[in-house]
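Descriptive structure summary
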Amino acid sequence: MKREETVQNRNILGDKRWFLLIVVAGLIVGAILISSFAKTADYSLLCSRANSRSRAVDEYSATPIQLQAIVHYATSKIVPQQNFGEISVTFDVLKKRSPCNFLVFGLGYDSLMWTSLNPRGNTIFLEEDPKWVQTVLKTAPSLHAHAVRYRTQLQEAKALLSHYRAEPSCSPSKAYLRGNDKCKLALTGFPDEFYDTEWDLIMIDAPRGYFAEAPGRMAAIFSAAVMARKRKGFGVTHVFLHDVDRRVEKVFAEEFLCKKYLVKGVGRLWHFEIPSAANTSTDDGARFC
């Protein structure tokens, strides 16, 4: 999702590039087949009438966004920024949870893939660069994306940790997001959909975090933890954090997403399963972890 890796991607050997493109297309086709075969089989057992079988085929056939994604990745020379192993971690969860509410921080070359892997679900993308949003939507207008503004800079990361520990409105028991101007790590001024939706999966692969004045991912990580802890629906919130080889991502993940909730790590991706605070008996309200 990061544009800083675009130059590096261009230097990838041709055979590796085409291999990954084929793999991505295969994942999308697999998602279609899994859904189609499973659901059609259920309907065949429960309903023998021809019109019911017809409705089943219509309901579980490939969606337009999935077909568009297959064509896009089959003809594109640009590969997604995550590798096959990293993509598979999220895909394995989507196979079980889709259709679901999927929040993605960042908009890029893999956005069409994520949307197609959550057919009939709600997948939205949050992007810091309005011009980049316009560029991406020109080729993929069906994507659901918002341009957003962050209040932080990467160079403030250490100070933000101290601020969080001293500011009551940042504490786990009192933290909230919409309108929380006192807590500098709370994402404020975002679209209503961001606050009003209970997210099943959250992918943090943005904003940029590779130079001092960049927004960094501190607020995205903190806010993901707040939303996960306030979950009211069944199950856990799945949070996927990319670029954990970088110090800030790792430190903030351990502070807010918690090592005890880390269930898998592949390459530069960590996968957390965070329960609601209401279902956590050991929560003392003082720290997230």
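Look a little higher up for the structure.
Residues numbered from 1 in each chain as written. Predicted model: local features only at pLDDT ≥ 70, side-chain atom pairs only at ≥ 80, totals over all residues. Heavy atoms only, no water.

With that settled, consider the state of the cysteines. Across all of its chains, the model carries two disulfides by this definition. Paired by a disulfide, Cys 258 and Cys 289 hold their sulfur atoms 2.0 Å apart. Here Cys 258 and Cys 289 share a disulfide; its torsion about the S-S bond, -90°, makes the bridge left-handed. Pair noted here: Cys 258 is in the loop between helix 11 (247-257) and strand 6 (262-266) and Cys 289 is in the segment after strand 7 (269-274), with a separation of 31 residues, a long-range link. Cysteines bonded in the chain are numbered consecutively along the chain; their disulfide partners then correspond to 1-2, 3-4. (Disulfide = S-S within 2.5 Å. Helix = DSSP H or I, 4+ residues; strand = E, 2+ residues; numbered from the N terminus.)

By size, the foremost hydrophobic cluster in this structure holds 49 residues, and its most contacted members are Phe 105, Phe 194, Phe 222 and Phe 256. With residues up to four places along the chain from it excluded, the contact list for Phe 194 reads Leu 103, Phe 105, Leu 126, Leu 177, Leu 187, Trp 199 and Met 227. Formed by 27 residues, the second largest nonpolar core is a distinct cluster that contains Val 93, Cys 100, Leu 107 and Leu 112. (Core = buried A, V, L, I, M, F, W, Y, C linked by side-chain atoms within 4.5 Å. Buried < 20%, exposed > 50% of the residue type's maximum accessible area, 1.4 Å probe, protein only. Contact = heavy atoms within 4.5 Å.)

The next subject is the environment of Lys 158. Summarising the element assignment, Lys 158 is placed in helix 8 (residues 157-166). Judged by its relative accessible area of 74%, Lys 158 falls in the exposed class. Residues Lys 158 and Val 251 lie 93 residues apart in sequence; the distance between their C-alpha atoms is 9.8 Å.

Two elements in contact, helix 8 and helix 11, have axes whose closest approach is 11 Å; the angle formed by their N-to-C orientations is 10°. The angle between helix 8 and helix 11 places the two elements in the roughly parallel class. The two elements helix 8 and helix 11 cross, and the hand of that crossing is right-handed. Touching Ala 157, Leu 161, Tyr 164 and Arg 165 of helix 8 are Val 248, Val 251, Phe 252, Glu 255 and Phe 256, all from helix 11. (Axes fitted to C-alpha atoms, helices over the stretch in contact; angles between N-to-C directions. Parallel < 35°, antiparallel > 145°, perpendicular 65-115°, else oblique. Left-handed = near helix turned anticlockwise from the far one by under 90°.)

Right, let's get into the sheet that holds strand 2 (residues 122-127). Ordered by their spatial adjacency, seven strands build an open sheet running 3-2-1-4-5-7-6, and the pairing between neighbours is mixed. Both outer strands of the open sheet, strand 3 (145-147) and strand 6, are each paired with one neighbouring strand and no more. If you compare each strand with its neighbour and ignore which way they point, the axes differ by 15° on average. As paired strands, strand 4 (residues 201-204) and strand 5 (residues 237-242) are joined by four bridges and run parallel to one another. Considered in strand 5, the bridge of Ile 202 is made with Val 239. Across the sheet, helix 7 (residues 130-139) lies against strand 2 and strand 3, angled at about 155° from strand 3, the strand it touches most. (Pairing = 2+ DSSP bridges.)

Overall, the coordinates contain 15 aromatic pairs when judged by the stated rule. Residues Tyr 150 and Phe 190 carry aromatic rings whose centres are separated by 5.6 Å and whose planes lie at 80° to one another, so their mutual orientation is edge-to-face. Of the two residues, Tyr 150 is situated in the loop between strand 3 and helix 8 and Phe 190 in the loop between helix 8 and helix 9 (192-196); the sequence distance between them amounts to 40 residues. Neither residue differs from the other here; Tyr 150 and Phe 190 are each classed as buried. Centroid distance Phe 190 to Phe 194: 5.1 Å. Interplanar angle 50°. Geometry classified as tilted. Each residue in the set Phe 105, Tyr 150, Phe 190, Phe 194 and Tyr 195 is aromatic and connected to the rest through ring pairs, giving one cluster. (Phe/Tyr/Trp six-rings, centres within 6.5 Å; stacked < 30°, edge-to-face > 60°.)

The next point concerns the side chain of Glu 127. Relative to the helices and strands, Glu 127 resides in strand 2. Polar contacts involving the side chain of Glu 127 include one to the main-chain amide nitrogen of Asp 129, which spans 3.1 Å. (Polar contact = N/O pair within 3.5 Å; in protein donor to acceptor, adjacent residues only side chain to side chain.)

Take the environment of Gln 134 next. Within the secondary structure, Gln 134 sits in helix 7. A sequence separation of eleven residues divides Gln 134 from Ala 145, and the C-alpha atoms of the two residues are 9.6 Å apart.

Time to look at the environment of Leu 137. Locating Leu 137 in the fold gives a position in helix 7. Taking C-alpha positions, Leu 137 is 10.0 Å from Gly 108, a pair spaced 29 residues apart along the chain.

This brings us to helix 5 (residues 84-97). If you check helix 5, its first and last C-alpha atoms are 20 Å apart, about what 14 residues at 1.5 Å a residue would give, namely 20 Å. What helix 5 keeps buried is the set Glu 86, Ile 87, Ser 88, Val 89, Thr 90, Phe 91, Val 93, Leu 94 and Arg 97. For helix 5, the side-chain oxygen to backbone nitrogen distance between the N-cap and Gly 85 is 3.1 Å, and the N-cap itself is Asn 83. (Expected span 1.5 Å × (residues − 1).)

This model, assessed by the stated rule, comprises 15 salt bridges. Arg 178 is the partner of Asp 192 in a salt bridge, and the nearest nitrogen-oxygen pair spans 3.3 Å. With a gap of 14 residues between them, Asp 192 in helix 9 and Arg 178 in the loop between helix 8 and helix 9 connect regions that are remote in the sequence. Judged by relative accessible area, Asp 192 falls into the partly exposed class, the value being 49%. Since its relative accessible area comes to 41%, Arg 178 is described here as partly exposed. Arg 217 is the salt-bridge partner of Glu 249, the closest N and O atoms lying 3.8 Å from each other. On the criterion of sequence distance, the pair formed by Glu 249 in helix 11 and Arg 217 in the loop between strand 4 and helix 10 (218-229) is long-range, its members being 32 residues apart. Residue Glu 249 shares its accessibility class with Arg 217, and that shared class is buried. Residues participating in the shared-partner salt-bridge network are Asp 205, Arg 217, Asp 243, Arg 246, Glu 249 and Arg 268. (Salt bridge = Lys/Arg side-chain N within 4 Å of Asp/Glu carboxyl O.)

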